[in-house]
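Here is how the chains run, residue by residue.
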Amino acid sequence: MPATKTIIEQLESKRVEAAKATKELYNEAIKFYFELLQGHQSLLELSTKKLLTELERLTVETLANPQPAFALPWNLPAMFRRAAINSAIGQARSFHSNLERWHKKKDKAQLRKKKFNERPPQPPKEFHQNPVYYQGMYRIVNEKEVYLKLYTGQAWIWVKYRMSGRSFPQSWEQASPKLVVKGKKLFLHICFEKKIKVAPIKQQVSKDTSNELVICSVDLNINNNLAVCRILKADGTVLASRFIGGGKASSGRRKRALGRVAKKRRKTGNLRPYEQDNKKLWEYINNLDKYEAHRVSRRIVEFAFEYRARIIVFEHLGNFKPQKGKYSRRGNEKRSYWLRGKIYHFTQYKAYELGILTSRVSPKNTSRLCAYCQKVVARHNRNQKPKEYRPGAPMFTCPNGHRGNADLNASNNIGLRLFARFNKQVSLKKPILKKVGVSLLYNAEGQDKRDGQVAPPELAVVHYENNVVALTGQGLPFSSTPAHLKNFS
Ligand SMILES: [Zn+2]
């Protein structure tokens, strides 16, 4: 699968009606082909390429094919038609896999004699796709100028648009752009692709017999440390740790904005469903989260790249269970959970561009077990006796005396799980990591080797509020973001 990148260019607001008509026609064509596929579902068994040919044979009149079975009611440019057909195929496939999933669920429920009230998915009646421009329908002259073929309602015309001149990414291949119509505004989404050659995770981990594979494990939180990362090897060697903070600040900003939303709502009374209120405020809140997700994901990828990590591993994110409290508090917590999902997805695509894969492991007990011996830990505040498990407390202590930062422990567990899944030499039940792990705990957490006393992690871990950084690996020098990554986005 290639990595993809999109540059969004706002075009001048001219010939907007034609752009709208083009979009309408495009969706009419999608509808036509979608319904044809609905009526002839066996066609979906063909490969997409063969299906495209077959659909053209069934619908397009040519000299060799004078009477197609289901003649297309419009005379469309071939490449416009093909884009619509491919979109219809995609829609049909996705609808049918949803339907299949529903049938499976229903059968399962019936087998277990359980009630099943879920309604089956309905095929879309209308389509609202943005036209994809295939070769021949557009011409990008340079970074400042593009020609698009548009339908006026009567005829096809070429329209020239200016672009901002943003430079296109080097060494990426340009793919089909998309025309996006939003009210009176026109945008061209120009896509770029890059082929990435990278072995699947399973192969990378299982073939790592000499412990050379380096991975970066990440524990995502909703407290101040949004991401706690570790660079690990299969034998338990911890090469580096990094705290990506700033959670408190962004959560505070968001909570204040949500408070303003609540206040305004009280003034205006309740809303009808789907009615959008406080548009500006919501936009602000959404942008805040997006910015944070980009900032944190970029840091994670930079950190992984810096240490030549080949895989970044997270835990699966659980569902959000709302707590009681004020609107702004509940809403804020919910959004903090969502933010983790965004960070994961942004990391995934940013990492992939660099040939780094992402994976997720089971979240079960990643914080409750000691990464060095897999015993159940106590979680507690600093200067507090380790008695019980207090969710969210910063420290952990296990019955074997391993101690340290609770988030780093979770991050360790997440990384080890990935190794344990595919590497036969790593087992979580018989932690071979123990020997290595304990001594490494010294280095990683700043333990004093001479007397074996555990020093609190803050001695070794340097926090730079907002933009990282804690680094206490085995004699690795502190390194700031490398120059070649400074402009990385
Ligand atoms: Zn332990």
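The present account deals with the structure reproduced in this document. (Residues numbered from 1 in each chain as written. Predicted model: local features only at pLDDT ≥ 70, side-chain atom pairs only at ≥ 80, totals over all residues.)

Description of the nonpolar core
Cys216, Ala227, Ile300, Ala304 and Ile312 are the most contacted members of the largest nonpolar core, which totals 57 residues. Looking at this core, the elements that each hand over two or more residues are β8 (214-220), β9 (227-233), β10 (238-244), α6 (279-306), β11 (311-315), α7 (327-353), β14 (395-397) and α8 (406-422). Top element by residues in this core is α8. It accounts for eight residues. Ignoring sequence-local partners within four residues, the contact set of isoleucine 312 consists of Cys216, Val218, Ile300, Ala304, Thr347, Ala351, Ile356 and Thr358. (Core = buried A, V, L, I, M, F, W, Y, C linked by C-beta atoms within 7 Å. Buried ≥ 20, exposed ≤ 12 C-beta atoms within 10 Å, placed from the backbone. Helix = DSSP H or I, 4+ residues; strand = E, 2+ residues; numbered from the N terminus. Contact = placed C-beta atoms within 7 Å.)

Points about the sheet that holds strand β15 (residues 403-405)
The strand order across the open sheet built from three strands is β13-β14-β15, with neighbouring strands paired in antiparallel fashion. Since the sheet does not close on itself, it has two edges, and those belong to β13 (378-380) and β15, each with one partner. Across this sheet, the average inter-strand angle for adjacent strands is 25°, counted without regard to direction. The sheet contact formed by β14 and β15 spans three bridges and is antiparallel. Counterpart to methionine 395 in the pairing with β15 is asparagine 405. Relative to β15, α8 is tilted by about 95°, and along the sheet it contacts β13, β14 and β15. (Pairing = 2+ DSSP bridges. Axes fitted to C-alpha atoms, helices over the stretch in contact; angles between N-to-C directions.)

Digging into the sheet that holds strand β3 (residues 145-151)
Strand pairs in the sheet, formed through backbone hydrogen bonds, run parallel or antiparallel to each other. Pairing is antiparallel in the open sheet, where three strands are placed in the order β2-β3-β4. Two strands in the sheet have a free side with no partner beyond their single neighbour: β2 (138-142) and β4 (156-162). Strand-to-strand, the axes of this sheet are offset by a mean angle of 25°, without reference to chain direction. Note: β2 against β3, four bridges, orientation antiparallel. Bridging across to β3, isoleucine 140 finds its partner in valine 146. Sheet strands touched by helix α1 (residues 16-39): β3 and β4. Its angle to β3, the strand with the most contacts, is close to 60°.

Digging into the packing of helix α2 (residues 48-59) against helix α3 (residues 78-111)
One way to put it is that α2 packs onto α3 with a least axis distance of 10 Å and a crossing angle of 125°. In terms of orientation, α2 lies oblique with respect to α3. Here α2 runs over α3; the crossing is right-handed. Of the residues in α3, those in contact with Thr48, Leu51, Leu52 and Leu55 of α2 are Arg82, Ile85, Asn86 and Ile89. Broken down by class, the residue content of the contact of α2 with α3 amounts to five nonpolar, two polar and one charged. (Parallel < 35°, antiparallel > 145°, perpendicular 65-115°, else oblique. Left-handed = near helix turned anticlockwise from the far one by under 90°. Nonpolar A, V, L, I, M, F, W, Y, C, P; charged D, E, K, R; others polar.)

Some details on unusual backbone geometry
Unlike most non-glycine residues, serine 171 shows phi in positive territory, near 60°. Within the secondary structure layout, serine 171 lies in the loop between β4 and β5 (173-174). Among the residues examined, serine 171 registers 6 C-beta atoms within 10 Å and is labelled exposed. Here the phi dihedral of asparagine 383 falls at roughly 60°; this positive angle occurs in a residue that is not glycine. Relative to the helices and strands, asparagine 383 resides in the loop between β13 and β14. Since 7 C-beta atoms lie within 10 Å of it, asparagine 383 is described here as exposed.

Brief notes about α6
Along its 28 residues, α6 runs 40 Å from first to last C-alpha, staying within 8% of the 40 Å computed at 1.5 Å per residue. Taken residue by residue, α6 has Ile285, Glu292, Ala293, Val296, Ser297, Arg299, Ile300, Val301, Phe303, Ala304 and Phe305 as its buried positions. The secondary structure elements touched by the buried residues of α6 are β8, β9, β10, α5 (247-268), β11 and α7. In the stretch just after α6, arginine 308 is the one whose phi turns positive, near 60°. (Expected span 1.5 Å × (residues − 1).)

Focus: the pairing of β3
Across the seven residues that make up β3, a large majority, five, are buried. Here β2 folds back onto β3, and the loop between the two strands holds two residues. Note that β3 and β4 share seven bridges and pair antiparallel. By the bridge assignment, tyrosine 147 is partnered in β4 with lysine 160. The antiparallel pairing of β3 with β4 creates a hairpin that spans four residues between the two strands, and glycine 153 there sits at a positive phi of about 110°.

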